[in-house]
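In case you want the letters, here they are:
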Amino acid sequence: MASIPLLRVSLPLHHRRSTALLLLPHPLKGAFPPARLPHLPPKPTTTTKTKCSYTPTPAADRLISAAAYFLPLFNGLQYGRFLFTKYPVLATPFEPLLPLLSLYHSVPYASFVTFFGFYLGIVRNPSLSRYARFNALQALVLDVLLVVPVLLQRIITPGRSGIALKLTAWAYSGLFVFVVGCFLYGLVASVLGKTPYLPLVAEAAGRQLD
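As annotated in an unreviewed UniProt entry, the protein chain carries the name Protein TIC 20 and comes from Sesamum angolense. Regarding the protein chain, the relevant UniProt record gives this comment under Function (unreviewed entry): "Involved in protein precursor import into chloroplasts."

Before going further, it helps to examine the overall build of the protein chain. Helix and strand content of the protein chain: 11 helices and zero strands. The proportion of buried residues among the 210 residues of the protein chain is 29%. Pairs at least 24 apart in sequence give 78% of the contacts found in the protein chain among residues at least 6 apart. Surface accessibility of the protein chain: about 15600 Å² in total, with carbon and sulfur atoms responsible for 70%.

Turning to the pattern of salt bridges, a few remarks are in order. Once their charged atoms are close, side chains differing in charge can pair, the charge on each being opposite to the other. Within this structure, the stated rule accounts for one salt bridge. As a salt-bridge pair, Glu 203 and Arg 207 come within 3.3 Å of each other at their nearest N and O atoms. With Glu 203 and Arg 207 both in helix α11 (residues 202–209) and four residues apart, the pair spans about one turn of that helix. With relative accessibility at 61%, the residue Glu 203 sits in the exposed group. Given a relative accessible area of 55%, Arg 207 falls into the exposed group.

By the secondary structure assignment, Thr 57 is in the loop between α2 (13–23) and α3 (59–68). Here the side chain of Thr 57 touches Gly 193 through a polar contact of 3.1 Å, landing on its backbone oxygen.

Another aspect to go through is a nonpolar patch on the surface. Nonpolar side chains collect at one region of the surface, where Leu 145, Val 148, Leu 152, Ile 155, Ile 156 and Leu 200 lie side by side and expose about 640 Å² of accessible area between them. Tallying contributions element by element places helix α9 (residues 147–156) first for the nonpolar patch, with four residues. For Ile 156, the position within the fold is in helix α9. Take Ile 156: its relative accessible area is 58%, and that puts it in the exposed class.

Turning next to unusual backbone geometry. The phi angle of most residues is negative, glycine excepted, and most peptide bonds adopt the trans form. One non-glycine residue, Tyr 109, adopts positive backbone phi at about 55 degrees. When its relative accessible area of 63% is taken as the criterion, Tyr 109 is described as exposed. Not every positive phi belongs to a glycine, and Leu 200 is a case in point at roughly 70 degrees. In this structure, Leu 200 sits in the loop between α10 (162–192) and α11.

Now for the packing of helix α8 (residues 130–145) against α10. Two numbers describe how α8 lies on α10: the axes approach to 12 Å, and their chain directions differ by 170 degrees. Between α8 and α10, the angle falls in the class roughly antiparallel. In this structure, α8 contributes Tyr 131, Asn 135 and Leu 142 to the contact, and α10 contributes Phe 178, Cys 182, Ala 189 and Ser 190. For the contact of α8 with α10, the residue count by class is five nonpolar, two polar and no charged.

Definitions and cut-offs
Residues numbered from 1 in each chain as written. Predicted model: local features only at pLDDT ≥ 70, side-chain atom pairs only at ≥ 80, totals over all residues. Heavy atoms only, no water. UniProt positions renumbered as here; feature names shortened; annotations may be inferred. Helix = DSSP H or I, 4+ residues; strand = E, 2+ residues; numbered from the N terminus. Buried < 20%, exposed > 50% of the residue type's maximum accessible area, 1.4 Å probe, protein only. Contact = heavy atoms within 4.5 Å. Areas by Shrake-Rupley, 256 points an atom, 1.4 Å probe, with all protein chains shown as cover. Salt bridge = Lys/Arg side-chain N within 4 Å of Asp/Glu carboxyl O. Polar contact = N/O pair within 3.5 Å; in protein donor to acceptor, adjacent residues only side chain to side chain. Patch = residues over 30% accessible without salt bridge, like charges linked within 9 Å, V, L, I, M, F, W, Y side chains within 5 Å. Axes fitted to C-alpha atoms, helices over the stretch in contact; angles between N-to-C directions. Parallel < 35°, antiparallel > 145°, perpendicular 65-115°, else oblique. Nonpolar A, V, L, I, M, F, W, Y, C, P; charged D, E, K, R; others polar.

As structure tokens, this is what we get:
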């Protein structure tokens, strides 16, 4: 039992030297001060402001554009007679227009006069803006398309009963819904100063003005 402390003390010489070397301080420790990073000023934050210019549509151009879409509506109400007969409540929204419609149809050749009045006075008037001219021409192109079913009916003369009458009623009702939808879209967009693009019409109207 007395030999155990001696074993602990009697370490090899090379082991004691290595242990002593580990306990010595590093010769370069504290020789150089710790490096300090240079103090850089913070980069200034730059904010880029983008200005968006928006020019509202003049009230006169909106009024002209909105008024132009009444022409195809007046000439397209005749295609709703089948729907008005089957569903009389559908005619209620158009009752405020009856006095104006009566005046419109009481004037001889009112449709032709109004058509050429819009075409020569607005579409071909370079003093007006392109916005008003485009909407007027778009309404006129739609009005011209409404004449095609009437011409086809006079040429083909479908029967007044049976399947021929049903096909005519479906075609007229679909055309009436299309005309009313185009009228509402064009009217609301013109009042808001936006440019409406009617299907089957806008491209043809744009080519005429370019």
